[in-house]
Amino acid sequence: MKQDDIQRLCQELNDAGYTAEITYGRVVVSPKVSREQSNITFRLMNQLFDKVRENRWVIHSNWGVHIPPYPDMRLPDLMIAPQDAEQYDDMHIFGDGALLVAEVCSKGTRSIDWDEKPLEYARAGVPLLLIVDPVTDPATVTLMHEPRKDLAVDDLREPYQRVSVVNAGETLRLPAPFDIDLNTGTLFA
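Residues numbered from 1 in each chain as written. Predicted model: local features only at pLDDT ≥ 70, side-chain atom pairs only at ≥ 80, totals over all residues. Heavy atoms only, no water.

Enquirer: Which residues make up the overall build of the chain, and what values do they have?
Expert: For the chain, the count of helices and strands is five helices and 13 strands. By the compact-globule yardstick of 16 Å for 189 residues, the chain fits well, its C-alpha radius of gyration being 16 Å. Along the first, second and third principal axes, the C-alpha set of the chain runs to 45 × 35 × 35 Å. Within the chain, residue pairs in contact and separated by at least 24 positions form 55% of the contacts whose partners lie at least 6 positions apart. Of the roughly 9,600 Å² that the chain leaves accessible, carbon and sulfur atoms contribute 47%. (Helix = DSSP H or I, 4+ residues; strand = E, 2+ residues; numbered from the N terminus. Rg over C-alpha atoms; globule rule 2.2 N^0.38 Å. Contact = heavy atoms within 4.5 Å. Areas by Shrake-Rupley, 256 points an atom, 1.4 Å probe, with all protein chains shown as cover.)

Enquirer: Describe in detail the nonpolar core, supporting the description with residues and values.
Expert: Within the largest apolar cluster, 23 residues are counted, with the highest numbers of intra-cluster contacts made by Leu44, Leu48, Ile80, Leu100, Leu130, Leu174 and Phe178. For this core, the elements supplying multiple residues, two or more each, are helix 2 (35-55), strand 6 (78-82), strand 8 (100-104), strand 9 (128-133), strand 10 (140-147), strand 12 (171-174) and strand 13 (180-183). It is helix 2 that contributes the most residues to this core, four residues altogether. If we ignore the near neighbours within four places in the chain, the residues touching Leu48 are Leu78, Ile80, Leu100, Leu174, Phe178, Ile180 and Leu182. Counting 20 residues, the second-largest nonpolar core is a separate cluster that includes Ala81, Ala85, Ala124 and Tyr160. (Core = buried A, V, L, I, M, F, W, Y, C linked by side-chain atoms within 4.5 Å. Buried < 20%, exposed > 50% of the residue type's maximum accessible area, 1.4 Å probe, protein only.)

Enquirer: Describe in detail the side chain of Thr140, supporting the description with residues and values.
Expert: Examined against the element boundaries, Thr140 turns out to sit in strand 10. Among the residues examined, Thr140 registers a relative accessible area of 11% and is labelled buried. Discounting residues that sit within four places of it in the chain, Thr140 has contacts with Ile131, Val132, Asp133, Val165, Val166, Asn167, Ala168 and Phe188.

Enquirer: Describe the pairing of strand 9, with residues and values.
Expert: With six of six residues buried, strand 9 is to be regarded as a mostly interior element. What you see with strand 9 is no split at all: Leu128, Leu130 and Val132 on one side and Leu129, Ile131 and Asp133 on the other are buried throughout. Judged from the six bridges that link them, strand 9 and strand 10 form a sheet pairing that is antiparallel. Directly across from Ile131, in strand 10, lies its bridge partner Thr142. (Pairing = 2+ DSSP bridges.)

Enquirer: Describe in detail the packing of aromatic side chains, supporting the description with residues and values.
Expert: In total, this model carries two aromatic pairs according to the counting rule given. With a centroid separation of 5.1 Å and 65 degrees between ring planes, the pair formed by Trp57 and Phe178 is classed as edge-to-face. In this pair, Trp57 sits in strand 3 (residues 57-60) while Phe178 sits in the loop between strand 12 and strand 13, placing the two residues 121 residues apart along the sequence. When sorted by exposure, Trp57 lands in the same class as Phe178, which is buried. Judged by centre distance (5.5 Å) and plane angle (85 degrees), the ring pair of Tyr88 and Phe94 falls under edge-to-face. (Phe/Tyr/Trp six-rings, centres within 6.5 Å; stacked < 30°, edge-to-face > 60°.)

None of this, on its own, says anything about what the molecule does.
Listed below in structure tokens is the structure:
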């Protein structure tokens, strides 16, 4: 299958309401988000909305991040980017153009959210990755920032130089350009 055909298939699946991503040239279709995931994403957006509006950024819940060196893409549960973020194509932006990417784990996506996406987002240059994990006990929120610049596709090093983990209910500080404290307890309410 040609790359254009793969991207077109992804677009058609996403338009039909599925979550279709491209990783290592393969189309990966994930289950639709659960009500819990949707509610957590909404509560996160609520905490970030004032900062987004103040800076005229955009919240995306269905736009992808280009993952180099291939024409791969991931569709985060939530992405915040400037309005003029540089696009890779009509379906996704370059990762270093995003301000923050968030993933909300489910039982079906947890291993991908933890084992694959941090390396891919770091390779793409995404500066802030937030992983909200209601599956673990206790529920946690993890912030990864300062992506390593020299990551290979199969790199085994920690992809982000700084990692902060808090349990549900604890405050998590989002660094610049956000400079806000997240109330993680409300994410899981």
